Amino acid sequence: MATESVIEISGLSKTYGSGSKQTLALNRLDLSVRRGEIFGYLGPNGAGKTTTIRLLLDLIRPSAGSASIFGMDIRADSVEIHRRIGFLPGELSLWEGRTGDQIIHYVASVRGDTRGIAKHADELAERLDLDKTKRVRDLSSGNKRKLGLVIAMMHSPELLILDEPTGGLDPLVQQTFHDMMEEYRAKGKTVFLSSHVLSEVQAICDRVGILRDGELKAVESVEKITNVEFNWVDVTFRDAVPAGLQQQLDNMPSITDVSTNGTRVRMRMIGDFDPLLRAISGGYVEMLHVEEPSLEEIFLAFYSGDEEKLQ
Ligand code: ATP
């Protein structure tokens, strides 16, 4: 059950433009998203996240490769797929002159079950603190995003595909969104979301895929990616850094990236502390500060192609 895949992508590629103006936005993507997981799709600007999502939704056509959702082909079966999923695009374009309520009722009627869906939409709007009586043109960008989330979620779909869902939302609403995602997972539903917000991914996702320049660089569980073994260590001496310490540290296999600044030494350290404590015992240590690498640091190492730094 846990390994049943909901999204299956195989060799999916997209090239925009032609001739000398070609951009390879997605390069032979292979990826499976499992039922019941929250999958975070991460990457810097221009990595190809939106392109992937638009391909999955059949809004644009692939240059090569294929993909299926619920075992159905994304191109041949796109109508049936759309019936069963909820989608939040990166850039929402809604009828500017209509109110949130009008749009929700329209979409609910297209989805076929006006009362049940609209009632759920009311609950979602209330939790997200969205005023549905305002016209779209009068909504702030964060409130438009909330309306987009309500539309994506109001029919309780089995799969949610969300492009940057929390962009522009304030921290309280972000927390509500996180709670909603947890509830989705508890019901065995699946979420595929793209994000730049590392803390969000850490807080809610089960696995992450890291995309860079159209290529998938890694797919890992969030637990594993945050469980790296190295630490940054800062040692502050009362007086100057003891003579020869820098060289001594440079020669220790468990220590790298040593930098000295006045009375401070900073280094990246793997494993036990004992060798370091012996090495620094020649001076009077005023402060010892140990810092785990941030998720951002870990991801930046992936983004920059420096995977070795993660070992
Ligand atoms: P962001 O985080 O900035 O939204 P992204 O990861 O979603 O970025 P995409 O929007 O998928 O990235 O873009 C991937 C690449 O394809 C970029 O180099 C972009 O300039 C290019 N691209 C996207 N859409 C088009 C288009 N319609 N025509 C030409 N090039 C495009």
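Residues numbered from 1 in each chain as written. Predicted model: local features only at pLDDT ≥ 70, side-chain atom pairs only at ≥ 80, totals over all residues. Heavy atoms only, no water.

A. Region of the structure containing the overall build of the protein chain. From N to C terminus, the protein chain includes 11 helices and 14 strands. Principal-axis analysis of the C-alpha atoms places the extent of the protein chain at approximately 75 × 45 × 45 Å. Relative to its 311 residues, the protein chain shows a buried fraction of 45%. Of the roughly 15,700 Å² of accessible surface on the protein chain, a fraction of 46% belongs to carbon and sulfur atoms. For the protein chain, the centre of its 36 positive side-chain charges and the centre of its 46 negative side-chain charges are spaced 7 Å apart. (Helix = DSSP H or I, 4+ residues; strand = E, 2+ residues; numbered from the N terminus. Buried < 20%, exposed > 50% of the residue type's maximum accessible area, 1.4 Å probe, protein only. Areas by Shrake-Rupley, 256 points an atom, 1.4 Å probe, with all protein chains shown as cover. Lys, Arg positive; Asp, Glu negative; His and termini not counted. Charge placed at Lys NZ, Arg CZ, Asp CG, Glu CD.)

B. Geometry of the environment of K119. Structurally, K119 can be placed in helix α4 (residues 114-128). Relative accessible area serves as the criterion here: at 54%, K119 is assigned to the exposed category. Between the C-alpha atoms of K119 and L139, which are 20 residues apart in sequence, the distance is 22 Å.

C. Highlighting the packing of aromatic side chains. A full pass over the atoms with the stated rule returns 3 aromatic pairs. With a centroid separation of 5.0 Å and 40° between ring planes, the pair formed by Y41 and F192 is classed as tilted. Residue Y41 is found in strand β3 (residues 38-42), and its partner F192 is found in strand β8 (residues 190-195); the two are separated by 151 residues along the sequence. Residue class for Y41 comes out buried when judged on its relative accessible area of 0%. Put simply, the rings of F39, Y41 and F192 pair up and form one aromatic cluster. Directly above the aromatic system of Y184 lies the positively charged group of K189, at a separation of 5.7 Å from the ring centroid. (Phe/Tyr/Trp six-rings, centres within 6.5 Å; stacked < 30°, edge-to-face > 60°. Lys NZ or Arg CZ within 6 Å of the ring centre and 35° of its normal.)

D. Examining the packing of helix α3 (residues 100-111) against helix α5 (residues 141-153) more closely. Across the interface, α3 lies against α5 with an axial gap of 10 Å and an inter-helix angle of 20°. When the axes of α3 and α5 are compared, the pair comes out roughly parallel. In terms of crossing hand, the pair formed by α3 and α5 is right-handed. Contacts between α3 and α5 involve G100, I103, I104 and V107 from the first element and L147, V150 and I151 from the second. Grouping the constituent residues of the contact of α3 with α5 by class yields 6 nonpolar, 1 polar and no charged. (Axes fitted to C-alpha atoms, helices over the stretch in contact; angles between N-to-C directions. Parallel < 35°, antiparallel > 145°, perpendicular 65-115°, else oblique. Left-handed = near helix turned anticlockwise from the far one by under 90°. Contact = heavy atoms within 4.5 Å. Nonpolar A, V, L, I, M, F, W, Y, C, P; charged D, E, K, R; others polar.)

E. Main features of the domain arrangement of the protein chain. When the domains of the protein chain are assigned, the result is domain 1 (5-225) and domain 2 (230-291). Once you take the C-alpha centre of each, domain 1 and domain 2 turn out to be 46 Å apart. (Domains from an automatic or database assignment.)

F. View of the site of the ligand. Residues in contact with the ligand, as listed here, are Y16, T23, A25, P44, N45, G46, A47, G48, K49, T50, T51 and H196. N45 has a polar side-chain atom sitting 2.9 Å from an oxygen atom of the ligand. Within the side chain of K49, one N or O atom sits 2.7 Å away from an oxygen atom of the ligand. Surface burial for the ligand is 59%, taken as the share of its 640 Å² of free accessible area covered by protein chains. For the shell around the ligand, the elements supplying multiple residues, two or more each, are β2 (23-34) and α1 (49-56). For the shell around the ligand, the element with the highest residue contribution is α1, accounting for 3 residues. (Near = heavy atom within 4 Å. Polar contact = N/O pair within 3.5 Å; in protein donor to acceptor, adjacent residues only side chain to side chain.)

G. Quick look at the sheet that holds β2. Spatially, β2-β1-β4-β5 is the arrangement adopted by the 4 strands of the open sheet, whose pairing is antiparallel. Looking at which strands have only one partner, the edges of the open sheet turn out to be β2 and β5 (72-73). Across 8 bridges, strand β1 (residues 5-16) lies against β2 in antiparallel orientation. When the bridges of β2 are listed, I9 appears paired with L31. Sheet contacts for α1: β1, β2 and β4 (64-69); angle to β1, the most-contacted strand, approximately 115°. (Pairing = 2+ DSSP bridges.)

H. Region of the structure containing the layout of surface pockets. Of the pockets and cavities examined, the largest pocket occupies roughly 790 Å³. Residue lining of the largest pocket: 28 residues in total, with H82, F87, P89, L92 and I151 positioned closest to the centre. Counting only elements with at least two residues in the lining of the largest pocket, the list comes to α1, α2 (78-84), β6 (85-88), α3 and α5. With 5 residues, the top contributor of residues to the lining of the largest pocket is α3. Here the lining of the largest pocket is built from residues that sort into 16 nonpolar, 7 polar and 5 charged. (1 Å grid on protein atoms, 1.4 Å probe; cavity = no way out; pocket = protein on both sides within 12 Å on 5 of 7 lines; lining within 4 Å. Points joined across faces, edges and corners; volume = space filled by probe spheres on them.)

I. A look at the sheet that holds strand β14 (residues 285-291). Taken together, the 4 strands give an open sheet; going across it, the order is β12-β13-β11-β14, and neighbouring strands pair in antiparallel fashion. Two strands lie at the open edges of the sheet, namely β12 (255-261) and β14, each paired on one side alone. Going from strand to strand, the sheet's axes swing by 15° on average, the running direction of each strand aside. Pairing of strand β11 (residues 230-237) with β14 involves 6 bridges; the strand directions are antiparallel. Each residue of the ladder has a partner; that of W232, found in β14, is E291.

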